[in-house]
Structures are given as C-alpha cells and as structure tokens.
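What the coordinates show
Okay, here's what each chain looks like letter by letter:
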Amino acid sequence: MKIAIAREAIEVGERRVALVPATIQRLVQPDWHFLVEAKAGEGSYINDQDYSDAGAAVVADRAELWGHADVILKVAPPSQAEIEQMCPGTALISFLNPLGDPELIEALAARQITAFSMELIPRTSRAQSMDALSSQAGIAGYKAVLLGAAALPKFFPMLTTAAGTIRPAKVFVMGAGVAGLQAIATARRLGAIVEAFDIRPAVKEEVQSLGAKFVDIDLGEDTVAEGGYAKEVSEAAQAKTQAVLSDRIAQADVVITTAQVPGKRAPILVTAAMVEGMQPGSVIVDLAANQGGNCEVTEPGKDINYHGITIIGPTNLPSSMPVHASQLYAKNVATLLEYLIKDNGLNLDFEDDIVDATCVTHGGEIRNPRVKAALNIEVQVS
Ligand code: NAD
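For clarity, every value in this text was computed on a predicted model and none was experimentally measured.

Across all of its chains, the model carries 19 salt bridges by this definition. The partner of Arg62 in a salt bridge is Glu37, with the nearest N and O atoms 3.0 Å apart. Of this pair, Arg62 sits in helix H3 (residues 62-68) while Glu37 sits in strand E2 (residues 33-37), placing them 25 residues apart in sequence. Where Lys204 meets Asp216, a salt bridge forms, and the shortest distance between an N and an O atom there is 2.7 Å. Of this pair, Lys204 sits in helix H8 (residues 204-209) while Asp216 sits in the loop between strand E11 (213-214) and helix H9 (235-251), and the two are 12 residues apart along the sequence.

Below, the structure written as structure tokens:
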C-alpha cells in the first residue's frame, strides 16, 4: 500500500500537512509505504529529513508521487488541476467541502477517485478520534479569542493596580459548538466575563460548566437536526432573538461568532445596525466568514473597521497554528487510515456507518445523497 502525503499550497494560505513524522512512526507496518512530497511539512516547520527519519520516502516530483500512490492524503480540497494529476482508481482522504462545493465532488467522481471527506466523519463516540472538524474547530475557537484580545484596546482580566481598577472585558460568544466552547474556555482563562448563546438548548449546561452565562431565548421551535447539528431557524424565531441579542452585542467588548448550519449559508446574527450599536473600539471575530459570515458586514479574509468596530473575518485559523493543527489532523487521518485499510487494500464496507458516511465518490459515482441533491438543484437552476 503506497500512501502519499501531499504538499499543500502554502501560497494560498494552507500551512498544514496531512501526516506528521511522529504519526507515521506509529503507523509503520510491513506493507505500508509512506511517500511524502518534498517540502510538504515546510509550513508546519517539519523538514524532509524528519520524514525520512520516520521511515517515509521523500519524492520531489509530484507526478511520480501521485502516479504511484494508492492513497493520497491532503488537508485542503484539491484544485481542479490537482484532480487531473491524480490517477483514476486512487483513493483520496482530505477536507473536500462536499456540501459547499458539490462540483468538486462531481469532478472527483468523473476522475474515478475514491474520495473520503473528513467533514463527513460521523459525530459519534466511535469516530471521535477521526473527527477533524472538531480538532480543527477547537483551534479556531482558541485563536479567535487571541485575535479578539489582541485587537481590543483594553485588558481582558480585571486588574487592581495603584493607578486604579480595570474592569474585565465582556466577551459574547454566539454559537456554542466545538469552536464556541473552546472560545468560551479561552476567554475565561484570559479573565473575561463571558456570555454565550446557541439555538440548541442542550449546550446550556456545557456553557455554564465553563463559567459563562447562557443567554436563554425560547425560540418556540425545534432547532436540532439529524446528527446533533443545528437546523436553520425560521425568520420568526430569528426576529424573536434580535432584541435580546442586540442588547448583549451592544454590551460586549468582543463578540465571537461561530454559528453554522451544515450545507447552508451561515445565519446572519449580527446586523449592520447591531454593529453600529456597539462601543467604538469593540471587536467582532467572525469564524463563519467562510460560509458567508454571521455578521452582515464581515469581509471574508479581511480585518475591517466599520464605524469604529474592528471586524475580523478569518477564513482558515487552524492553518495559522500549523504545528498543532497538523499534529491533531494527522491523528484524525491516521485513525481513519487504520480503519479503512485491511489486508493491504481498502476495506469499502458500505454497511459500516463510518465508511458509508465518509466515502463520497467511488467507481465513478457520487455516493452522498445530499451532494447529489445539491447538484440536481444546480442543474435545474441553470
Ligand atoms: P457547527 O460548526 O455546525 O455550528 C456551530 C454552532 O452554531 C452549533 O452549536 C450550532 O447549534 C450553532 N448555531 C447554528 N445556528 C445558529 C443560530 N442561528 N444562532 C446561534 N447558534 C447557532 O457545530 P459543531 O461545533 O460542528 O457541532 C455540531 C454538533 O455536533 C454539536 O451538537 C456538537 O456537540 C456535536 N458534536 C458531537 C461530537 C461527538 O459526539 N463525537 C463531536 C463533535 C461535535
């Protein structure tokens, strides 16, 4: 089994790598051969020699590497040009953004790639150590608070000094999933007073256990979809939240938004008018920038100043902490690899919930019904 580790495109801002040397060392088996693209670890401060020392062969020529691979491991979804460099029949394990970019999945199927999407690992305890969405969201939540604290012209903690007492900063976290909970914990560690809101009432206890106050709003409708994810809420429910949220946002020094609904544009939770109601110098960090943003005025990938409020719209925070992001992602990928490879081949048992959910293309077919539906909608619209 030849397993290739791709070099990500650092030029487009991806510094992570799919497997790190320490993980390779733990994975080494007689029939598994690791091939790593030269400089694949550069963005994560890992050099080629570290990979060689771990037992991988470093290959400079991508065409040679991908041409020989049974499995290609990546972090970022491949570009169209990269898909064309893959040989039909190869397996690919990567983030693939299947619901956001179904055309990419269509292209992988057309190329006869057996593709596994890391976004589609089931959120079950059995698959927990493969859950790359969680491992990377935790990093994003942590870093979002650091960015917010760095941009805020104030202290986070309460300080009692000879020159006077400083009141602690107020942080409001919207969306208390994996990223939101890590943001709450980080802001608390820095000494801020933290409040949080989520449409899933089940997170209330988790928020409180981290020392934050949960902003309780009865939406009067079911907000939880299959797999524990949030549903898109109705306009009426959204309107119901506005008055309460406007008030909490106006009081906050830093607002961190993380709300997402899989396969949909992120909900707008902070309107332009709400931003205008904040104190000048306050900060919004919008972790949903990639999905259109939770704040109406967010510009993905940019830091902007709107009416004196700094709005930060990062699109790939895990890549800004590549050492630990790669280490955790590598563990997720390694666990999936060990699960998938049996008797020196891929075990495509589609009766298995992890294999079935994760494998988006095989034998020229798109396997995921939601991706298929998204493509049909696209076809009808055009
Ligand atoms: P996510 O990134 O899809 O969304 C982030 C948060 O935004 C969620 O908590 C969601 O409820 C919230 N949200 C959506 N719309 C909102 C709105 N209009 N207003 C306010 N908040 C809104 O979520 P995630 O972090 O990937 O987690 C999704 C679910 O999976 C959660 O239930 C989580 O606990 C669960 N999970 C389970 C496991 C496991 O069992 N192994 C692992 C990770 C996550």
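The rest of the description comes next.
This part covers the domain arrangement of the chain. For the chain, the assigned domains read domain 1 (2-130 + 322-374) and domain 2 (137-315). Here domain 1 and domain 2 have C-alpha centroids that lie 32 Å from each other. Buried area between domain 1 and domain 2, summed over both chains or domains, comes out near 440 Å², and the portion from carbon and sulfur atoms is 57%. For domain 1, the biggest contributors to the area lost against domain 2 are Leu99, Arg123 and Arg370; these three give 70% of the whole. Seen at the junction of domain 1 and domain 2, the total is zero salt bridges. On inspection of domain 1 and its partner domain 2, the count reaches one residue pair in polar contact (both at pLDDT 80 or more). No other element matches the three residues that helix H11 (residues 322-340) contributes to the side of domain 1 that touches domain 2.

A separate point is the site of the ligand. If you check the shell around the ligand, you find 22 residues, and the closest are Ser134, Val178, Asp198, Arg200 and Gly228. Here Arg123 contributes a side-chain N or O atom positioned 3.0 Å from an oxygen atom of the ligand. Residue Gly177 places a main-chain N or O atom 3.1 Å away from an oxygen atom belonging to the ligand. Here the shell around the ligand is built from residues that sort into 10 nonpolar, eight polar and four charged. Two domains share the shell around the ligand, each providing at least three of its residues, namely domain 1 (2-130 + 322-374) and domain 2 (137-315).

The next point concerns the packing of aromatic side chains. Under the definition given, this model contains two aromatic pairs. Lying across the ring of Tyr339, Lys342 places its NZ or CZ 5.5 Å from the centre. Its end group placed over the ring of Phe350, Arg367 keeps NZ or CZ at 3.8 Å from the ring centre.

Take helix H5 (residues 102-110) next. Buried within H5 are the following residues: Pro102, Leu104, Ile105, Ala107, Leu108 and Ala109. Residue Gln112 follows H5 closely and has a positive phi angle near 65°.

Where nonpolar side chains cluster on the molecular surface, the patch consists of Tyr142, Leu146 and Leu190 and spans about 210 Å² of accessible area. Overall, Leu190 belongs to the partly exposed group, its relative accessible area being 33%.

Along the chain, Thr335 falls in helix H11. Beyond its immediate chain neighbours, meaning those up to four positions away, Thr335 contacts Ser129 and Met130.

Turning next to the sheet that holds strand E3 (residues 57-59). With mixed pairing, eight strands are arranged side by side in an open sheet as E3-E2-E1-E4-E5-E6-E18-E19. Strands at the two margins of the open sheet, each flanked by one partner only, are E3 and strand E19 (365-366). Note that strand E1 (residues 2-5) and E2 share four bridges and pair parallel. When the sheet's bridge partners are listed, Ile5 is paired in E2 with Val36. Sitting on the sheet, H11 touches E1, strand E4 (71-73), strand E5 (91-94) and strand E6 (114-117), and the angle it makes with E5 is about 145°.

A few words now on the nonpolar core. Counting residues in hydrophobic clusters, the biggest one holds 40 residues, and the most contacted among them are Leu19, Phe34, Leu73 and Ile93. Among the secondary structure elements, those contributing two or more residues to this core are E1, helix H1 (21-27), E2, E4, E5, H11 and helix H12 (353-358). The element contributing the most residues to this core is H11, with seven residues. In this structure, Val173, Ala176, Ala183 and Val285 belong to the second largest nonpolar core, which totals 28 residues.

Parameters at a glance
- Residues numbered from 1 in each chain as written.
- Predicted model: local features only at pLDDT ≥ 70, side-chain atom pairs only at ≥ 80, totals over all residues.
- Heavy atoms only, no water.
- Salt bridge = Lys/Arg side-chain N within 4 Å of Asp/Glu carboxyl O.
- Helix = DSSP H or I, 4+ residues; strand = E, 2+ residues; numbered from the N terminus.
- Domains from an automatic or database assignment.
- Buried area = accessible area lost by both parts, 1.4 Å probe.
- Polar contact = N/O pair within 3.5 Å; in protein donor to acceptor, adjacent residues only side chain to side chain.
- Near = heavy atom within 4 Å.
- Nonpolar A, V, L, I, M, F, W, Y, C, P; charged D, E, K, R; others polar.
- Phe/Tyr/Trp six-rings, centres within 6.5 Å; stacked < 30°, edge-to-face > 60°.
- Lys NZ or Arg CZ within 6 Å of the ring centre and 35° of its normal.
- Buried < 20%, exposed > 50% of the residue type's maximum accessible area, 1.4 Å probe, protein only.
- Patch = residues over 30% accessible without salt bridge, like charges linked within 9 Å, V, L, I, M, F, W, Y side chains within 5 Å.
- Areas by Shrake-Rupley, 256 points an atom, 1.4 Å probe, with all protein chains shown as cover.
- Contact = heavy atoms within 4.5 Å.
- Pairing = 2+ DSSP bridges.
- Axes fitted to C-alpha atoms, helices over the stretch in contact; angles between N-to-C directions.
- Core = buried A, V, L, I, M, F, W, Y, C linked by side-chain atoms within 4.5 Å.

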